[in-house]
Amino acid sequence: MRRADRLFQIIQILRRHRSPATAEAIAAELETSKRTVYRDIADLMAQRVPIRGEAGVGYVLEKGFDLPPLMLTESEVEAAVLGAQWVASHGDPELARAAQDLVAKIGATVPERLRPLIVEPATRAAPNYRALPDRLDMAAVRRAIHAGRKIRLVYRDEQDRRTERTVWPFAVGYHEAVRLLMTWCELRADFRSFRTDRVDEAAFLDERYPERPAALRARWRKAAMAEYERRRAAPARAAE
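Residues numbered from 1 in each chain as written. Predicted model: local features only at pLDDT ≥ 70, side-chain atom pairs only at ≥ 80, totals over all residues. Heavy atoms only, no water.

Enquirer: Which residues make up the overall build of the protein, and what values go with them?
Expert: A tally of helices and strands in the protein yields 8 helices and 7 strands. Scaling as 2.2 N^0.38, a compact globule of 240 residues should have a C-alpha radius of gyration of about 18 Å, whereas the protein reaches 23 Å, well beyond that. On the principal axes, the C-alpha backbone points of the protein span a range of 65 × 50 × 45 Å. Looking at the protein residue by residue over its 240 residues, the buried ones come to 35%. (Helix = DSSP H or I, 4+ residues; strand = E, 2+ residues; numbered from the N terminus. Rg over C-alpha atoms; globule rule 2.2 N^0.38 Å. Buried < 20%, exposed > 50% of the residue type's maximum accessible area, 1.4 Å probe, protein only.)

Structure representation (structure tokens):
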């Protein structure tokens, strides 16, 4: 790896880590020595890159530092194009258009040597012929999530039972054929997910729910992990 590329990758690694990244971890990812990492970090700090930390403790990149836009590697360009292809075939119309616009913007700004990776990519996401149509406005759903606003749903479950729910939306899960709206359901006083193709009616309310969407997502992940551990432990207890 060229030294300039290695310096860029160190900044990317520090950007990615929320906690201090040790020289050992950085060296393992870059397949180089800790001594080289120490020297590279010292050079970056000498160039006024705002890195804090010390040997044996770890390093962090202070907020507010940025690089010139779209200094991308070949693999990063391929990853972005492949991801955009998947979104274009699996997302709702607004996300699909945004994915196409993203590829166009990348193609207009990357160096000429990287442009073939966008015009004729070597990786392809398969078209999605199995997707079921959404029965609510997914762009409005995302706006409700960002704003922390409630949605009133009329929903039909797999037994075709019809219920009305007021929910606190906090995430959308994209699967091969269906999309799931993850929520806190006021009716059940618990987390519930709803298939977007089974929604009969949706009213987007002005009322905000009392928690931050990020806090709901954190609670949901914790509950899902606890349920996973409980199910994994069940066979072991049954065998005792």
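Now that the structure has been shown, the text picks up again.
Enquirer: Could you give an account of the packing of aromatic side chains, naming the residues involved and the relevant values?
Expert: The final tally for this structure, using the stated rule, is 6 aromatic pairs. Their ring planes at 80° and their centres at 4.9 Å tell us that Tyr-155 and Phe-194 sit as a pair that is edge-to-face. A residue pair is termed long-range when its members are at least 10 positions apart, and Tyr-155 in strand S3 (residues 149–156) and Phe-194 in strand S6 (residues 190–195) qualify at 39 residues. With respect to class, Tyr-155 is no different from Phe-194; both count as buried. Their ring planes at 10° and their centres at 5.5 Å tell us that Trp-168 and Tyr-209 sit as a pair that is stacked. One end of the pair, Trp-168, is in strand S4 (residues 162–174); the other, Tyr-209, is in the loop between strand S7 (199–208) and helix H8 (213–239), and 41 residues separate them in sequence. Tyr-209 sits in the buried class, given a relative accessible area of 5%. For the cation-ring pair, Arg-219 lies above Trp-184, with the distance from its terminal atom to the ring centre recorded as 4.9 Å. (Phe/Tyr/Trp six-rings, centres within 6.5 Å; stacked < 30°, edge-to-face > 60°. Lys NZ or Arg CZ within 6 Å of the ring centre and 35° of its normal.)

Function cannot be inferred from these measures alone, as they are strictly geometric.
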